[in-house]
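In case you want the letters, here they are:
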Amino acid sequence: MSFYEGIAHIKHPAPITDATWNYWVLGLSLAFEGISFFLAFREFNKSRGEAGFWATLGRSKDPSVFAILMEDSAALLGLVIALAGVYFGHMFQNPYFDGAASICIGVLLISVAVFLIYKTKGLLVGEGVEEQTLDALEALVRQQAGVEQTRRPLTMYLGPQDVILALDVDFYDHLSAVEVEKTVDELQDKIRATYPEFKRIFIEAHGLAGQQRTPLPPGPTSA
């Protein structure tokens, strides 16, 4: 709609005679949106730690945080663009500035919508953790005493801090069932200590020769 209004204003320009109410509306909108952005940014900062802003935004899996943050950011930037369009249009008595500002706001909103689609699509269809985490998990499993080899871990997000982890592990043949169970418990504890978001861990145990053992039940569902 903003893009359409911009095209309409350019096709049928109307000069701004009195911009007082425009400045009042845009100023109040900036104040309200600024408060909303500050609250969203404060919540976002709690989850990013020492990581950078864009890195945290890229890996965030909580739509309630990044969607609101992006919405408020786009709203603030859009209001600044609208204010610039009104100001320059009124100062130079050129109504095309207002139309151009509306088109820029439309492009901005479309870009944010595409970004949110990209971010939320994976969560809707079943997204796993990033490759760096998978590499670290695989290395951690291989370092566990009693583990001969492991295959690529499988993961899927159920919530922002709730991830399912499935491991396919080959244990040494000489280990007894009790020793394998102890090894599994130690491995689960190490994983949860490093990655508390893995609330459900399932381990499929195999002997070294490829003969499958009885599947082991998952450990406790909470860290």
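Residues numbered from 1 in each chain as written. Predicted model: local features only at pLDDT ≥ 70, side-chain atom pairs only at ≥ 80, totals over all residues. Heavy atoms only, no water.

1. Structural notes on the pattern of salt bridges
Where side chains of opposite charge bring their charged atoms close, a pairing between them can arise.
Piece 1. Counted by the stated rule, this structure contains 7 salt bridges.
Piece 2. Glu138 is the partner of Arg152 in a salt bridge, and the nearest nitrogen-oxygen pair spans 2.8 Å. Of this pair, Arg152 sits in the loop between strand S1 (147-150) and strand S2 (154-159) while Glu138 sits in helix H6 (residues 131-143), placing them 14 residues apart in sequence.
Piece 3. Residue classification places Glu138 among the buried positions, given a relative accessible area of 15%.
Piece 4. Ionic pairing is found between Asp170 and Arg151, a salt bridge with its closest N-O pair at 3.3 Å. Remark: Arg151 occurs in the loop between S1 and S2 and Asp170 occurs in strand S3 (residues 162-171); sequence separation between them is 19 residues.
Piece 5. For Asp170, a relative accessible area of 3% translates into the label buried.
Piece 6. Residue class for Arg151 comes out partly exposed when judged on its relative accessible area of 38%. (Salt bridge = Lys/Arg side-chain N within 4 Å of Asp/Glu carboxyl O. Helix = DSSP H or I, 4+ residues; strand = E, 2+ residues; numbered from the N terminus. Buried < 20%, exposed > 50% of the residue type's maximum accessible area, 1.4 Å probe, protein only.)

2. Observations concerning the packing of aromatic side chains
Piece 1. Following the criterion strictly, the structure yields 6 aromatic pairs and no others.
Piece 2. Between Phe92 and Phe97, the ring centres sit 6.0 Å apart and the planes meet at 25°, which makes this aromatic pair stacked.
Piece 3. Measuring from ring centre to ring centre gives 5.8 Å for Tyr195 and Phe198, while their planes differ by 70°; the resulting arrangement is edge-to-face.
Piece 4. Residue classification places Phe198 among the buried positions, given a relative accessible area of 1%. (Phe/Tyr/Trp six-rings, centres within 6.5 Å; stacked < 30°, edge-to-face > 60°.)

3. Observations regarding the packing of H6 against helix H7 (residues 177-194)
Helix-helix packing is described using two parameters, namely the angle between the two axes and the distance between the axes.
Piece 1. In the contact formed by H6 and H7, the axes pass within 10 Å of each other and the chain directions differ by 150°. For the pair H6 and H7, the crossing hand works out as right-handed. On H7, the residues that touch Leu137, Leu140 and Val141 of H6 are Leu187, Lys190, Ile191 and Thr194.
Piece 2. Class assignment for the residues of the contact of H6 with H7 results in 5 nonpolar, 1 polar and 1 charged. (Axes fitted to C-alpha atoms, helices over the stretch in contact; angles between N-to-C directions. Left-handed = near helix turned anticlockwise from the far one by under 90°. Contact = heavy atoms within 4.5 Å. Nonpolar A, V, L, I, M, F, W, Y, C, P; charged D, E, K, R; others polar.)

4. Thoughts on the side chain of Thr155
Piece 1. Note on placement: Thr155 falls in strand S2.
Piece 2. For Thr155, a relative accessible area of 18% gives the class buried.

5. Details of the layout of surface pockets
Piece 1. Roughly 400 Å³ of volume is contained in the largest pocket.
Piece 2. Around the largest pocket, the lining comprises 16 residues; the ones closest to its centre are Arg59, Ser60, Lys61, Pro160 and Gln161.
Piece 3. Where the lining of the largest pocket is concerned, the elements lending two or more residues are helix H2 (20-48) and helix H3 (53-59).
Piece 4. A per-class count over the lining of the largest pocket returns 6 nonpolar, 5 polar and 5 charged. (1 Å grid on protein atoms, 1.4 Å probe; cavity = no way out; pocket = protein on both sides within 12 Å on 5 of 7 lines; lining within 4 Å. Points joined across faces, edges and corners; volume = space filled by probe spheres on them.)

6. Remarks on a nonpolar patch on the surface
Piece 1. Judged by side-chain polarity, Trp21, Trp24, Leu28, Phe32, Ile35, Phe38 and Leu39 come together as a nonpolar surface patch covering roughly 870 Å² of accessible area.
Piece 2. Along the chain, the position of Phe38 falls in helix H2.
Piece 3. Here Phe38 falls in the exposed class, since its relative accessible area comes to 51%. (Patch = residues over 30% accessible without salt bridge, like charges linked within 9 Å, V, L, I, M, F, W, Y side chains within 5 Å. Areas by Shrake-Rupley, 256 points an atom, 1.4 Å probe, with all protein chains shown as cover.)

7. Structural notes on unusual backbone geometry
Piece 1. One non-glycine residue, Gln93, adopts positive backbone phi at about 50°.
Piece 2. Structurally, Gln93 is set in the loop between helix H4 (63-91) and helix H5 (96-125).

8. Describing the nonpolar core
Piece 1. If you look at the biggest cluster of nonpolar residues, it comprises 22 residues, and the most contacted ones within it are Leu167, Phe171, Ile191 and Phe198.
Piece 2. Of all elements in the fold, only H6, S3, H7 and strand S4 (198-206) reach the threshold of two or more residues within this core.
Piece 3. Among the elements that make up this core, the one with the highest residue count is S3 (5 residues).
Piece 4. Of all hydrophobic cores here, the second largest spans 10 residues; its members include Phe66, Leu69, Ala74 and Leu108. (Core = buried A, V, L, I, M, F, W, Y, C linked by side-chain atoms within 4.5 Å.)

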